[in-house]
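Commentary on secondary and tertiary structure
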Amino acid sequence: MMAKKLLYLLTLITLGVTTVFSQNRELVVKENIPLDSIRLSDPFIIADKATNMYYMTGTGGLLWKSKDLKLWTGPYRVAKPDPNSWMGKNPMIWAAELHEYQGKYYYFATFTNRDVKIDTVRGNVLERRACHILVSDKPDGPFVPMADPIYLPANKPTLDATFWIEDKKPYMIYCGEWLLNWNGTVEKIQLKPDLSGTIGEGKVLFRASESPWSKEKQDGKIVPNKVTDGPYVFRTKTGRLGMIWTSWVYSVYTQGVAYSKSGKLDGPWMQESNPITPPDYGHGMLFQTLQGKWLMAVHSHKSINGHYLRVPHLFEVDLSGDKLIVGQPYMP
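Quantities reported herein were computed from a predicted structural model and do not represent experimental measurements.

1. Digging into the overall build of the protein
What the protein contains, in helices and strands, is two helices and 23 strands. Here the protein has a C-alpha radius of gyration of 19 Å; the compact-globule value for 332 residues is 20 Å, and the two agree. Its C-alpha atoms put the protein at 50 × 45 × 45 Å along the principal axes. Residues counted as buried form 55% of the 332 residues belonging to the protein. Counting only contacts in the protein whose residues sit at least 6 apart along the sequence, the fraction spanning at least 24 positions is 53%. Counting every atom, the protein has about 14900 Å² of accessible surface; 51% of that belongs to carbon and sulfur.

2. Some words on the sheet that holds strand β9 (residues 144–145)
Across the sheet, which stays open at both edges, the four strands sit in the order β6-β7-β8-β9 with antiparallel pairing between neighbours. This sheet does not close on itself; its edge strands, each paired only once, are β6 (92–101) and β9. Sheet topology places strand β7 (residues 104–121) next to strand β8 (residues 124–136); 13 bridges connect them, and they run antiparallel. Among the inter-strand pairings, N113 is bridged to a residue of β8, identified as R128.

3. Brief notes about the nonpolar core
In terms of nonpolar packing, the biggest core is built from 32 residues, with I45, W72, I244, L286, F287 and L324 touching the most fellow members. Among the elements of the structure, β2 (44–48), β3 (53–57), β16 (229–235), β18 (252–260), β20 (281–288), β21 (294–304) and β22 (307–318) are those that each provide at least two residues to this core.

Definitions and limits used
- Residues numbered from 1 in each chain as written.
- Predicted model: local features only at pLDDT ≥ 70, side-chain atom pairs only at ≥ 80, totals over all residues.
- Heavy atoms only, no water.
- Helix = DSSP H or I, 4+ residues; strand = E, 2+ residues; numbered from the N terminus.
- Rg over C-alpha atoms; globule rule 2.2 N^0.38 Å.
- Buried < 20%, exposed > 50% of the residue type's maximum accessible area, 1.4 Å probe, protein only.
- Contact = heavy atoms within 4.5 Å.
- Areas by Shrake-Rupley, 256 points an atom, 1.4 Å probe, with all protein chains shown as cover.
- Pairing = 2+ DSSP bridges.
- Core = buried A, V, L, I, M, F, W, Y, C linked by side-chain atoms within 4.5 Å.

Structure (structure tokens):
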């Protein structure tokens, strides 16, 4: 049993989720920190025209600010979940995103209550983990609950929520944890107009096994990888609907892309044959600079002396055609 628990912990480390820490830890805010000196998984950047600033968040529940993408100030603790909710007093926070919608700012994130166990699958104990949304009037928070709904089923671990609007209806796009069914999913669920809860049930858009580029070895055979991670939806200039998402090619953290044949979230989603980023980069998102230039934020993923190091990076992207084309690293 101890060996199985160790394997589970190593799996979580591999996925980058142990780069979270106590929400009670005292923070020291620093100024003029270069982007490549920040240690952060799952970076998400919003360019806010109202304040003429960039705000970056990610795993850990912290936020950084910058005027030029080059030098950053932080970290700031901005998430204020309800300690009396299902999240508990000190939840882990992963893959936080910031979205401006109808005059407010919304904090999409994965919260984990390690004190609550929901299932045991193949010897792995699954903790209470789900996507949730907080709100603020400002891009730098504080972000607080709108209510205390359960956005997604309590008995199903979910993660890496993002936001999309289709036919004027808001949706949450998220991953179904591979540890539950051994074949991770990307799913959608409709949100209430004010994003304070969900409507109906989630729908699977595609599964990890549908990817031609993600692989692993199982019992000596090469099989599709089971991990889905970090979905992010976009449109090209021609109107084509796409989604970047991350998995693994053996031990290499890798990002690919899929396109919707119908142009709608319901798909069907057609997976591109090859990854779109260099090896050991992933969990990407796209944003426009305050000057209008399209960039992709990702984190690099390297093992140094047995410890995983994750650093945010920027890449130029071209959305002018039918496909997302990732260019050179962007140095602000």
